[in-house]
Amino acid sequence: MLHAIKTENHGPLGEPMAKAVQACVHCGFCLAACPTYKELGQEMDTPRGRIVLMKQVLEGGLDWTAAQPHVDRCLGCLACEPACPSGVSYRDLVSPFRAVAQPHFRRTPGEKLRRWLASQTLPFPARFRLALAGAKLGRLFRPLVPSALRPMLDLAPASVPPAVSLKQVYPAKGERRGRVALLAGCAQQVLDPDINVATIEVLTRNGVEVIVPPEQGCCGGLAWHTGDLPTAQAFARRNLDAFPADVDAILTNAAGCGSAMHEYHLILRGTPDEARADALRQRVVDVSVYLIRLGLREAPAGASGKVRIAYHDACHLANAQEVRRQPRDLLRAIPGAELCEIAEGHLCCGSAGTYNLDQPEVASSLGAQKARAVAATGASVVATGNIGCLTQLKTHLEKQGAAVQVRHTMQVLRDAYGAK
């Protein structure tokens, strides 16, 4: 008997949610790690507080909508997990709860429209590129745009790089040391397609053949983290079919995507594809992890003189995948590079998928704080491993007039090799 939660009432996701709730002893160690508690100062906007609310809702003692604002304000950054002495798997609770709560939560027509537009554009690079072009026109008529949609206009960049068409196979340079499949991502292909170019260049230079499966799609993370379980499952199944078995690993270079693929077994729990999902997620690793395991065959040349690099821990890399050392080791391998840490580095930058759209005030505050902390390091470059973080950092550093270049770890490494 787990506790009073009737797991059968909540489908296949009931049991993992119940186990997560049971593990929490309400000690409060998570409070200091929680960005929304730091911002809002309310007990119900902490992991502990949200767990209490979700428990009461799942037990039937509290209406779903009572928990809604507090669950909506959760970034899903999972900073609470490494801070928890009881090992609460908060990820097994918050996204599943959003999935089972989705039919019960109440949203305004504007909020529904914004979520629908995001779900119909962000996971599809061609549509997303078209939507960003339309945002330019929307900004000209901003007063006429419904207030619920204005965050979308505010976050849309003034311009995006030209599209890059990826080949299906990139042969290893020199002796082949490995063979991998790469998830190309969705928003990343539009906002900064050079990240994939840099990733492939670094891998092939180090003797790795790279396969880019043409049938792949969105990782499903956006849908999963906003409670749209059927869509998340559809994306997961597409990738189960798309990625080959005859590769050493499936690589991701976006923290959010890697984290979502690691949760495929949860997304597809209770379906005939659960076993396949669990097998696939075991082969998914961040590109930095793979390169450290393999070892750099060729040392980067580095830049002339010293360069000070700040490293920002993307939440879904550091907290969800426990990847902290490997990106730093790659950056330290660059001759002349001085790596520096960012104050309160455990705190989320506020990007968190579509959080910028749904909670713009909190997201903006966290982004501004992170940008100030980056600038305070005196670094000329800040590196990270997630497109959302890169976009957030660039936006707020530019607002503050900070001359800090924002780059993906693979771009920094590629440039150190002298290949562009």
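Up top is the structure these notes are about.
A.B. asks: Break down the side chain of Arg-98 for me, with residues and values.
C.D. replies: With respect to the helices and strands, the residue Arg-98 is situated in helix α6 (residues 91-101). Buried within the structure, Arg-98 lacks any salt-bridge partner; its nearest side chain of opposite charge belongs to Asp-72, at an N-O separation of 5.2 Å. A polar contact is formed between the side chain of Arg-98 and the backbone oxygen of Cys-74, at a distance of 2.8 Å. Other than its neighbours up to four places away in sequence, Arg-98 contacts Val-71, Asp-72, Cys-74, His-225 and Gly-227.

A.B. asks: Residue-level account of the pairing of strand β3 (residues 208-211), with values.
C.D. replies: By the alternation rule, side chains of β3 split into Val-208 and Val-210 and Glu-209 and Ile-211, which are all buried. Examined bridge by bridge, strand β2 (residues 178-182) and β3 share 4 bridges and lie parallel to one another. Bridge pairing in β3 places Val-180 opposite Val-210.

A.B. asks: How would you sum up the sheet that holds β3? Please name residues and give values.
C.D. replies: Overall, mixed pairing links the 5 strands, which are arranged β1-β3-β2-β4-β5 in an open sheet. Whereas interior strands pair on both sides, the edge strands pair on one side only; in this sheet they are β1 (169-170) and β5 (284-286). Here helix α17 (residues 287-294) sits on the sheet and contacts β2, β3, β4 (249-252) and β5; the angle it forms with β5, its principal contact strand, is near 85°.

A.B. asks: Would you mind going over the nonpolar core in detail, with residue names and values included?
C.D. replies: Judged by nonpolar contacts, the single largest core of 54 residues is most densely connected at Phe-97, Met-261 and Tyr-264. In terms of residues, this core owes the most to one element, α6, which gives 6 residues. Ignoring any residue separated from it by four or fewer positions in sequence, one finds Phe-97 in contact with Met-17, Met-54, Val-57, Leu-58, Trp-64, Ala-67, Val-71 and Phe-105. The next biggest cluster of nonpolar side chains, apart from the first, holds 35 residues, and it includes Val-202, Leu-331, Ile-334 and Val-381.

A.B. asks: So what's going on with the pairing of strand β9 (residues 405-408)? Residues and values would help.
C.D. replies: Note: strand β8 (residues 381-384) against β9, 4 bridges, orientation parallel. Of the residues in β9, the one forming a bridge with Ala-383 is Arg-407. Once the chain exits β8 it traverses helix α22 (residues 387-399) before rejoining the sheet at β9, and the crossover so formed is right-handed.

A.B. asks: An account of helix α19 (residues 325-332) is needed here, citing residue identities and associated values.
C.D. replies: Within α19, the full set of buried residues consists of Gln-326, Pro-327, Arg-328, Leu-330 and Leu-331. Check the buried side of α19 and you find it contacts α17, β6 (307-311), α18 (315-318), β7 (337-341), β8 and α23 (409-417).

A.B. asks: Would you mind going over the packing of helix α11 (residues 194-205) against α23 in detail, with residue names and values included?
C.D. replies: Between α11 and α23, the shortest axis-to-axis distance is 8 Å and the interhelical angle comes to 55°. One finds that α11 runs oblique with respect to α23. Along this stretch, α11 crosses α23, giving a crossing that reads as left-handed. Each of Asp-194, Ile-195, Val-197, Ala-198, Thr-199, Glu-201, Val-202 and Arg-205 in α11 lies in contact with α23, whose residues at this interface are Met-410, Gln-411, Leu-413, Arg-414 and Tyr-417. Here the contact of α11 with α23 is built from residues that sort into 7 nonpolar, 2 polar and 4 charged.

A.B. asks: Go over the pattern of salt bridges, please, and point to the residues and values.
C.D. replies: What the rule picks out here adds up to 29 salt bridges. Of the charged contacts in the structure, one is a salt bridge between Lys-19 and Glu-15, with a shortest N-O distance of 3.3 Å. A residue pair is termed a helical-turn pair when its members lie 3 or 4 positions apart in one helix, as Lys-19 and Glu-15 do in helix α1 (residues 14-23) at 4 residues. According to the relative accessible area criterion, Glu-15 is partly exposed, its value standing at 34%. In this structure, Asp-358 and Arg-114 form a salt bridge, with 3.1 Å as the shortest nitrogen-oxygen distance. Taken together, the positions of Asp-358 in helix α20 (residues 355-358) and Arg-114 in helix α7 (residues 109-121) put the pair 244 residues apart, joining distant regions of the chain. The residues Asp-358 and Arg-114 share a single accessibility class, namely buried.

A.B. asks: Report on the packing of aromatic side chains, specifying residues and quantitative values.
C.D. replies: All told, the structure shown has 3 aromatic pairs when counted by the stated rule. Taking 5.6 Å as the distance between ring centres and 35° as the angle between the ring planes, the aromatic pair formed by Trp-64 and Phe-97 counts as tilted. Separated by 33 residues along the polypeptide, Trp-64 in helix α4 (residues 64-72) and Phe-97 in helix α6 bring together distant segments of the chain. Owing to a relative accessible area of 15%, Trp-64 belongs among the buried residues under this scheme. Taken together, a centroid distance of 6.4 Å and an interplanar angle of 55° make the contact between Phe-97 and Phe-105 tilted. Look at Phe-97 and you get buried, because its relative accessible area is 0%. Residue Phe-105 is classed as buried on the basis of its relative accessible area, which comes to 9%. Through a chain of ring-to-ring contacts, the aromatic side chains of Trp-64, Phe-97 and Phe-105 assemble into a single cluster.

The rules behind each value
Residues numbered from 1 in each chain as written. Predicted model: local features only at pLDDT ≥ 70, side-chain atom pairs only at ≥ 80, totals over all residues. Heavy atoms only, no water. Helix = DSSP H or I, 4+ residues; strand = E, 2+ residues; numbered from the N terminus. Buried < 20%, exposed > 50% of the residue type's maximum accessible area, 1.4 Å probe, protein only. Lys, Arg positive; Asp, Glu negative; His and termini not counted. Salt bridge = Lys/Arg side-chain N within 4 Å of Asp/Glu carboxyl O. Polar contact = N/O pair within 3.5 Å; in protein donor to acceptor, adjacent residues only side chain to side chain. Contact = heavy atoms within 4.5 Å. Pairing = 2+ DSSP bridges. Axes fitted to C-alpha atoms, helices over the stretch in contact; angles between N-to-C directions. Core = buried A, V, L, I, M, F, W, Y, C linked by side-chain atoms within 4.5 Å. Right-handed = clockwise from strand over helix to strand, strands pointing away. Parallel < 35°, antiparallel > 145°, perpendicular 65-115°, else oblique. Left-handed = near helix turned anticlockwise from the far one by under 90°. Nonpolar A, V, L, I, M, F, W, Y, C, P; charged D, E, K, R; others polar. Phe/Tyr/Trp six-rings, centres within 6.5 Å; stacked < 30°, edge-to-face > 60°.

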